[in-house]
Structure formats: C-alpha cells, structure tokens
Amino acid sequence: MAITLYHCHEARSMRSLWLLHELGLEFELVVMPFDTRALRTPEYLAIHPLGRVPCLIDGGTKLFESGAITQYLCETYDPAGLGRSADHPERAEWLQWLHYAETIAVHGASLVQQFIVIQDDAQRSPLVQKLESKRLEKSIEVVDTTLRDREYLLASGFSAVDVAVGYSLHLGRAWTALEAFPRVNAYYQRLSARPAFQTSLPDRGAGSPLEGRP
Ligand SMILES: N[C@@H](CCC(=O)N[C@@H](CS)C(=O)NCC(=O)O)C(=O)O
C-alpha cells in the first residue's frame, strides 16, 4: 500500500519522517513550506482540517496527529520492534512518553510563535517567552531524571518514543541549551547520530523555521 507523508522541515512531522526511516518503509514525501498560504489551501485543508503537519495517508487510511501516526505505524508495520503491544509490560510507559513528547513540544512551538511567527516586536510578549522557556526547561528536566539509569526512555532500549521525545528535544534545543542537562544532552547526541534522524533533516537553506538556531 502506498504511504504519503505531508511534512514541513523540522516541524512535528519530522517525528513521522524519522520513524518511517527507522522502520525502513517506502513512502512518498510531500514537503510543504511552513507558511499558512501553502498550508491553508482548500486542497490541503481537505487533507488536514486545520492545515497542519503531519498528515499521513496509507492506502484508505488518513491520519493527522504525530502521536497517532507513531502508534499506527508501529502497530501496523512493526508490532514487535519500536512499538509496545497492549500486553507488553512496557506498554504504559511507552504510551506515557509518546504523549509526553507533546508536553515538551508545545512549549517549543509557543517559542517558535513568539520568536519566529510573530514578526512585529511590539506583539511579542516577554512574559510568555519567560514562562514558556521555564516550562520547557522543567519538562526537559523530567527526561534528564529518567535517564539516570538508562540510555533510552524505556529500560529495554531504543523505541519509537525516543523518536517522539527526541524530536521535541531537537525543537527545544533551539530555545534552551541542552548542555544544562548532561544526560539529556548525551541522549540527544546518541539520537541525532542515527542515520534515520540525519536523513530527516533538511538540506541547509531548504527553508526550515529553525534554520539559524543552534
Ligand atoms: N499535536 C499535533 C501538532 C501539529 C502542529 O501544530 N503542527 C505544526 C507544525 S510543528 C503546524 O502544522 N503548524 C502550522 C500552522 O499552525 O499553521 C501533532 O503532534 O501532530
């Protein structure tokens, strides 16, 4: 069955792209500019009702929400590998981290809005910037504590939730230095060295909103 992923460079859809590469699946990639003029066309709104990314089409199945896409891809194409089935002892933890990835990312996304999307200085809010930065740091601290006794989020090793949270750290590091969290920093280095992660990054100058950030 043909898989298509709608993606903007270094957006939440990077989770789905990175996972598709980890799973070694064949797919068509549709890269869209991170720009409402491209994302809110009637054609794309018919695919994703909010005009956001990611959206995945797999034959007759159409899915948005990166967490749902992670779970769907694991359950459909890799039940015993990067996912954790309903009867697996690590299932609850796997689900927790899958969704915790968004807890981290919403703060990064809010900072993207504050520093990149809002272009008029007068419209930016130093208070929101301060609050969101602090909440981002706190959410990363939880990952740092978890990594005290393990290399990946699950004790059994690398799984799809490292892709989900790994993307959130990739986004978060644009706004807060991961060096302040030594275990998270080492974890991010391990994740970002993976060929599937590297393949999911845009070429320089390809127009990512994070371009020019650390
Ligand atoms: N919770 C959703 C978030 C989707 C989302 O907001 N994506 C952002 C990119 S990171 C987007 O498409 N923004 C474009 C816009 O809001 O115009 C997910 O994980 O898929």
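Residues numbered from 1 in each chain as written. Predicted model: local features only at pLDDT ≥ 70, side-chain atom pairs only at ≥ 80, totals over all residues. Heavy atoms only, no water.

**Student:** I'd like a description of the packing of aromatic side chains, backed by residues and values.
**Tutor:** Each aromatic ring pair is characterised by the separation of its centres together with the angle its planes make. Enumeration over the complete set of coordinates arrives at seven aromatic pairs. Taking 5.3 Å as the distance between ring centres and 90 degrees as the angle between the ring planes, the aromatic pair formed by Trp97 and Tyr100 counts as edge-to-face. Of this pair, Trp97 and Tyr100 both sit in helix 5 (residues 91–117), three residues apart, which is roughly one turn of that helix. Of the two residues, Trp97 and Tyr100, both sit in the buried class. For the ring pair Tyr188 and Phe197, a centre distance of 6.1 Å and an interplane angle of 90 degrees mean the geometry is edge-to-face. (Phe/Tyr/Trp six-rings, centres within 6.5 Å; stacked < 30°, edge-to-face > 60°. Helix = DSSP H or I, 4+ residues; strand = E, 2+ residues; numbered from the N terminus. Buried < 20%, exposed > 50% of the residue type's maximum accessible area, 1.4 Å probe, protein only.)

**Student:** Talk me through the domain arrangement of the chain; I want residue IDs and the actual numbers.
**Tutor:** How large an interface is tends to be reported as the accessible area lost when its parts come together. Each assigned domain of the chain is listed with its residue range as follows: domain 1 (3–83) and domain 2 (91–194). For domain 1 versus domain 2, the distance between C-alpha centres works out to 20 Å. Across the contact, 16 residues belong to domain 1 and 22 residues belong to domain 2. Carbon and sulfur atoms supply 63% of the area buried between domain 1 and domain 2, which totals about 1,600 Å² over both sides. Together, Arg12, Arg15 and Trp18 form the three largest contributors to the area buried by domain 1 at its contact with domain 2, with a combined 39%. With its nearest N and O atoms 2.7 Å apart, the salt bridge here joins Arg194 to Glu22. Here domain 1 is connected to domain 2 by 12 residue pairs in polar contact (both at pLDDT 80 or more). For the side of domain 1 that touches domain 2, the secondary structure elements donating two or more residues are helix 1 (13–23) and helix 4 (66–77). A breakdown of the residues in the side of domain 1 that touches domain 2 according to their chemical character gives seven nonpolar, four polar and five charged. (Domains from an automatic or database assignment. Contact = heavy atoms within 4.5 Å. Buried area = accessible area lost by both parts, 1.4 Å probe. Salt bridge = Lys/Arg side-chain N within 4 Å of Asp/Glu carboxyl O. Polar contact = N/O pair within 3.5 Å; in protein donor to acceptor, adjacent residues only side chain to side chain. Nonpolar A, V, L, I, M, F, W, Y, C, P; charged D, E, K, R; others polar.)

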